[in-house]
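A structural walkthrough
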Amino acid sequence: MKKILGSIILFLFGWKTSYPTEFRIRKMLMLAAPHTSNWDTLFALAAYWKEGLDPKFLIHGNLTKGVTGFFFKKLGAIGVNKDEKQNLVDYIVQLFDKSNELLLIIAPEGTKYRTEKWRTGFFNIAKQANVPLSLGLLDYANKRAGIGGLLSMTGNFDEDMAYIEKFYAKANPRHPERYNKSIY
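Now for a look at the structure at hand.

Rules and cut-offs
Residues take numbers from 1 onward in each chain, read along the sequence in its written order. Since the coordinates come from a predicted model, pLDDT governs what is reported: local features require at least 70, and pairs of side-chain atoms require 80 or more to be given and counted, while whole-chain, interface and lining totals use all residues. By convention in this description, side-chain values take in all heavy atoms of the structure and omit both hydrogens and water. By the criteria applied, helices consist of DSSP H or I runs no shorter than four residues and strands consist of E runs no shorter than two, each listed in order from the N terminus. Both definitions apply: the radius of gyration is a C-alpha atom measure, and the globule rule equals 2.2 Å times residues to the power 0.38. Orientation is described by axes fitted as lines to C-alpha atoms, over the contacting stretch for helices, and by angles from 0 to 180 degrees between their N-to-C directions. Orientation labels follow simple angle bins: below 35 degrees gives roughly parallel, above 145 gives roughly antiparallel, 65 to 115 gives roughly perpendicular, and whatever is left gives oblique. Handedness of a crossing follows from how the near helix is turned relative to the far one, being left-handed for an anticlockwise turn of less than a right angle and right-handed for a clockwise one. The contact definition used throughout considers only heavy atoms, calling two residues in contact when any of these lie within 4.5 Å. Under the convention adopted here, Pro, Cys and the residues Ala, Val, Leu, Ile, Met, Phe, Trp and Tyr are nonpolar, Asp, Glu, Lys and Arg are charged, and Gly plus all remaining residues are polar. Strands pair, by our definition, only if DSSP identifies at least two bridges between them. With its strands directed away from the observer, a crossover is right-handed exactly when the path from the first strand over the helix to the second travels clockwise. Each residue's exposure class comes from its accessible area (1.4 Å probe, protein chains only) as a fraction of the maximum for that residue type: buried when under 20%, exposed when over 50%, partly exposed otherwise. In protein, a polar contact means a hydrogen-donor-capable atom and an acceptor-capable atom, both N or O and within 3.5 Å, with residues adjacent in sequence counting only if both atoms are side-chain atoms; elsewhere, any N or O pair within 3.5 Å suffices. What counts as a ring pair is set by centres within 6.5 Å for rings of Phe, Tyr and Trp (its six-membered ring), and what kind of pair is set by the plane angle: stacked under 30 degrees, edge-to-face over 60, tilted for all other angles. Any carboxyl oxygen of Asp or Glu that lies within 4 Å of a side-chain nitrogen of Lys or Arg is treated as forming a salt bridge with it.

1. A look at the overall build of the chain
Helix and strand counts for the chain come out as six helices and seven strands. Ordering the α and β elements of the chain from the N terminus gives α-β-β-α-β-α-β-α-β-α-β-β-α. Taken against the 2.2 N^0.38 rule, which gives 16 Å for 184 residues, the C-alpha radius of gyration of the chain at 16 Å falls within 12% of a compact globule. Taking the principal axes of the C-alpha coordinates as reference, the chain spans close to 40 × 40 × 30 Å.

2. Thoughts on the packing of helix α1 (residues 2–13) against helix α2 (residues 39–50)
Across the interface, α1 lies against α2 with an axial gap of 7 Å and an inter-helix angle of 125°. Here α1 lies oblique to α2, going by the angle between them. When you trace α1 past α2, the crossing you get is left-handed. The residues of α2 that touch α1, namely those facing K2, K3, L5, G6, S7, I9, L10 and F13, are W39, L42, F43, A46, A47, W49 and K50. Broken down by class, the residue content of the contact of α1 with α2 amounts to ten nonpolar, two polar and three charged.

3. Focus: the pairing of strand β4 (residues 77–80)
As defined by bridge partners, strand β3 (residues 56–60) adjoins β4 across four bridges and the pair is classed as parallel. Bridge pairing links I59 to G79 in β4. You can see the chain leave β3, run along helix α3 (residues 66–75) and come back into β4, and the turn it takes is right-handed.

4. As for the side chain of S37
Among the secondary structure elements, S37 is positioned in the loop between β2 (27–33) and α2. S37 gets classed as buried once you look at its relative accessible area, which sits at 4%. Only 3.0 Å separates the side chain of S37 from the backbone nitrogen of W39, close enough to count as a polar contact. Those residues within four positions of S37 in sequence are excluded, and the remaining contacts are K112, Y140, R174, H175 and R178.

5. Describing the packing of aromatic side chains
Following the criterion strictly, the structure yields 13 aromatic pairs and no others. Between Y19 and Y48, the ring centres sit 5.9 Å apart and the planes meet at 80°, which makes this aromatic pair edge-to-face. Placement of Y19 in the loop between β1 (16–18) and β2 and of Y48 in helix α2 is noted, with a sequence separation of 29 residues between them. As far as burial versus exposure is concerned, Y19 and Y48 are alike and both buried. With 5.9 Å between their ring centres and 85° between their planes, F157 and Y184 make a pair best called edge-to-face.

6. Topic: the sheet that holds β1
Pairing in this open sheet of seven strands is mixed, and the strands run β1-β7-β6-β2-β5-β3-β4 from one edge to the other. At either end of the open sheet lies a strand with only one pairing partner, and these are β1 and β4. The average undirected angle you get between the axes of adjacent strands in this sheet is 30°. With two bridges connecting them, β3 and strand β5 (residues 102–106) associate as parallel partners. Bridged to F57 within β5 is I105.

7. Looking at the pattern of salt bridges
All chains considered together, the criterion is met by three salt bridges. The residue R24 makes a salt bridge to E51 at a minimum N-O spacing of 2.4 Å. Taken together, the positions of R24 in the loop between β1 and β2 and E51 in the loop between α2 and β3 put the pair 27 residues apart, joining distant regions of the chain. Overall, R24 belongs to the partly exposed group, its relative accessible area being 34%. A salt bridge links K56 to D54; the shortest N-O distance between them is 3.3 Å. Connected through shared salt-bridge partners, K2, D54 and K56 make up one network.

Keep in mind that these numbers describe shape and distance, not what the molecule does.
What follows is the structure, given as structure tokens:
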């Protein structure tokens, strides 16, 4: 059902997908960047669904309860309580440890508005969970969504971040003024 829905959404908006077979891995952390619009979530999910994948993503825990909870959980949401002090990195690492298959999308900017630097929890998650980091990309100029690269973390923060920054320097976000190409 999601595969059909993803195909319909992308067709209606004129988007194409790019998801090479070598990037199809059972467990990975996916960066969703640049994140400058609410439309990003729709197009990213649609692209993964069209490819037959069922990614998960984090949202505020209150949205996964009640009537909205059913809807968001069906989309792949995992609720987290951002109001309580918890170690989100440890929580996500545990999710990977308990799962045979987990494709988790993270927006490292943490917001759809311009930030000075990315949040770096994804670096620690990928390293501690020993999962590759996929470089998801939404190219609004060419209406293309998918994965543009796969990075096995070296553990060298500066080296890995420089690689990621270089990759996303060519990004074409929906709102370019909201994207800071200097990520760290």
